[in-house]
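Residue-level listing of the chains:
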Amino acid sequence: MGLQVTFTRIFLLIILFVWIRDAQGQVKVFNVMSYGAVANGRFDNSKALGRAWNEACRWKGTGVVRIPRGTYMVHPVKFQGPCSGRTIFLNQGVVLAPTDPALIHADNWIAFQEIDGLRVSGGGSFHGQGEKVWHLNDCHKNDNCKLLSTSLSFKHVTNGKIDHITSINSKMFHFNIYDNQKINISRVTISAPAESPNTDGIHIGRSNDIRITRSVIRTGDDCISLKQGSRGIYIRNVQCGPGHGISVGSLGNQEEEEEVRGLTVRNCTFRGSDNGLRIKTWAASTSNIASDLTFKDIVVENVRNPIIVDQQYCPHPPCDEGESKVQIKNVKFRNIRGTSSTKVAVSLICSRRIPCSNIDLHNIDLVYDGQGGPATSSCRHVNGVASGGEVVGVVKHLPRVYVLYEYVLNRRSLHARTTSAQIH
Ligand SMILES: *[C@@H]1O[C@H](CO)[C@@H](O)[C@H](O)[C@H]1NC(C)=O
Ligand SMILES: *[C@@H]1O[C@H](CO)[C@@H](O)[C@H](O)[C@H]1NC(C)=O
């Protein structure tokens, strides 16, 4: 423990130093204790943090808002830019969210907005205290439910870096990355129980060039969710589970959605999660495109749906019937191995109206050890290739004919065969 703390300190000094060396101008630390913060876990520190932020943000060099060790209650607060220089939010303590009924429905608990060159780091944690209010979330049965707060929200942030922080028991999403560019998230730990409602780990929308690496995400909802307008997203060395896996969508439920293009998920593991890799669109949907998605070197352990494309998404039936108008194309699944906890290990249910095109499955090695025989898969309206390793694939690119494949997975291998074809 002592060693670890020392290591963390040295490490923080190093990263601070590297950051500082890079930065233009002088560094100044704004310790929240000098702005009236009280670390007793009850006093509301939002004003103290706000004052420290305003000064750090005005500082022409690198302004560091520092929260030292200790436990700080913080009511909903927004850290607004633009700032004069770079700003670092260095949390070395435990920041606690309120549970008072009047404060739990704010859109965001801690929001960062319009900041270029923001860094959030420090080794500390953000505790949402969701366990005290999750029972108030009735969104699974009430469309007009009152949403609980997202823990950390980033909007119009550019060239940002979020690292070495922990988010615990968010009331709703842990992170919301909406309308941002160039943010690197690394060495972040996210945790909430499997049964906690809507606690997405990292929720991304309308953002470009977001990298998520070396992080551990255990939560109740999506590990990472990529909504409309997610482009150039790179996810590597992330461990997910429990939770609902890495999910593109749901798409097609809003007018004028932006497309999802360019996602790479690499060297990630999923343990005990509901899904591994998922793409979902509503059945009766608006138009959109999800393209150039690559999932590579993935290990799943005891995952319900390791690979799932669902273009009939309907979480709370009944839903409007119809066929999705979202085109899914250029998707690669490569080197995906491990165990499925259900018999259907690969499920590709695409739209009859706009079938999935150029779906490339290579080296899929998924095992099902439960009752009812070996793993299987089900596919509808998919145009693509299955190949590689022990995979036996049949591919037919027939013009104007969309081929329905049914895959039969044996213990160690995948056989693809055409069961029927449909003239379009
Ligand atoms: C994010 O990471 C990439 C790749 O390591 C790097 O090129 C880029 O400068 C980083 N961006 C920030 C804001 O740290
Ligand atoms: C893959 O991820 C694990 C941890 O999630 C890491 O230890 C390992 O170094 C990574 N391998 C590569 C080649 O990136």
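The structure displayed is predicted, hence computed values, not measured ones.

What counts as what
Residues numbered from 1 in each chain as written. Chains lettered and ligands numbered in written order. Predicted model: local features only at pLDDT ≥ 70, side-chain atom pairs only at ≥ 80, totals over all residues. Heavy atoms only, no water. Near = heavy atom within 4 Å. Polar contact = N/O pair within 3.5 Å; in protein donor to acceptor, adjacent residues only side chain to side chain. Areas by Shrake-Rupley, 256 points an atom, 1.4 Å probe, with all protein chains shown as cover. Helix = DSSP H or I, 4+ residues; strand = E, 2+ residues; numbered from the N terminus. Nonpolar A, V, L, I, M, F, W, Y, C, P; charged D, E, K, R; others polar. Phe/Tyr/Trp six-rings, centres within 6.5 Å; stacked < 30°, edge-to-face > 60°. Buried < 20%, exposed > 50% of the residue type's maximum accessible area, 1.4 Å probe, protein only. UniProt positions renumbered as here; feature names shortened; annotations may be inferred. Contact = heavy atoms within 4.5 Å. Disulfide = S-S within 2.5 Å.

## With respect to the site of ligand 2
Part 1: Surveying the vicinity of ligand 2 reveals the residues Arg236, Asn237, Gln239 and Asn267.
Part 2: Arg236 is positioned such that a nitrogen or oxygen atom in its side chain is 3.4 Å from an oxygen atom of ligand 2.
Part 3: The separation between an oxygen atom of ligand 2 and a polar side-chain atom of Asn267 is 2.4 Å.
Part 4: Surface burial for ligand 2 is 41%, taken as the share of its 360 Å² of free accessible area covered by protein chains.
Part 5: With 3 residues, strand E17 (residues 230-240) is the single largest residue contributor to the shell around ligand 2.
Part 6: When its residues are assigned to classes, the shell around ligand 2 shows no nonpolar, 3 polar and 1 charged.

## Concerning the packing of aromatic side chains
Part 1: With the rule as written, the count across this model stands at 12 aromatic pairs.
Part 2: Look at Phe79 and Phe112: their rings are 5.3 Å apart centre to centre, the planes differ by 35°, and that puts the pair in the tilted class. On the criterion of sequence distance, the pair formed by Phe79 in strand E5 (residues 77-80) and Phe112 in strand E8 (residues 108-116) is long-range, its members being 33 residues apart.
Part 3: On the basis of relative accessibility, which here comes to 0%, the residue Phe79 falls in the buried class.
Part 4: Residue Phe112 is classed as buried on the basis of its relative accessible area of 0%.
Part 5: With a centroid separation of 5.3 Å and 80° between ring planes, the pair formed by Trp282 and Tyr313 is classed as edge-to-face. One end of the pair, Trp282, is in strand E20 (residues 275-282); the other, Tyr313, is in strand E22 (residues 305-313), with 31 residues separating them in the sequence.
Part 6: The rings of Trp53, Phe79, Phe89, Trp109, Phe112, Phe126, Phe154 and Phe175 are connected pair by pair, giving a single aromatic cluster.

## Here's the deal with the UniProt feature "active site" (unreviewed entry) in the chain
Part 1: In this numbering, the UniProt entry assigns the feature "active site" (unreviewed entry) to His244.
Part 2: Inspection of the secondary structure puts His244 in the loop between E17 and strand E18 (246-251).
Part 3: Dropping the residues within four chain positions of it, His244 is found in contact with Gly220, Asp221, Asp222, Cys223, Asp274, Asn275 and Arg278.

## As for the site of ligand 1
Part 1: Ligand 1 sits among Asn159, Gly160, Asn184 and Arg211.
Part 2: Surface burial for ligand 1 is 43%, taken as the share of its 370 Å² of free accessible area covered by protein chains.
Part 3: Each residue belonging to the shell around ligand 1 can be placed in one class, and the counts come to no nonpolar, 3 polar and 1 charged.

## Things to note about the state of the cysteines
Part 1: Counted under the stated rule, the structure contains 5 disulfides.
Part 2: Each disulfide pairs two cysteine sulfurs, and for Cys139 the partner residue is Cys145, the sulfurs being separated by 2.0 Å. Sign of the S-S torsion, about 100° for the bond between Cys139 and Cys145, identifies this disulfide as right-handed.
Part 3: Exposure remark for Cys139: the relative accessible area of 14% places this residue in the buried category.
Part 4: Looking at Cys145, the relative accessible area reads 15%, which means it is buried.
Part 5: Shown here is the disulfide that connects Cys314 with Cys319, its sulfur atoms set 2.1 Å apart. Taking the torsion about the sulfur-sulfur bond, which here is approximately 95°, the covalent link between Cys314 and Cys319 counts as right-handed.
Part 6: For the unlinked cysteine Cys268, the closest cysteine sulfur is that of Cys240, found at 6.3 Å.
Part 7: The class of Cys268 is buried, set by a relative accessible area of 1%.

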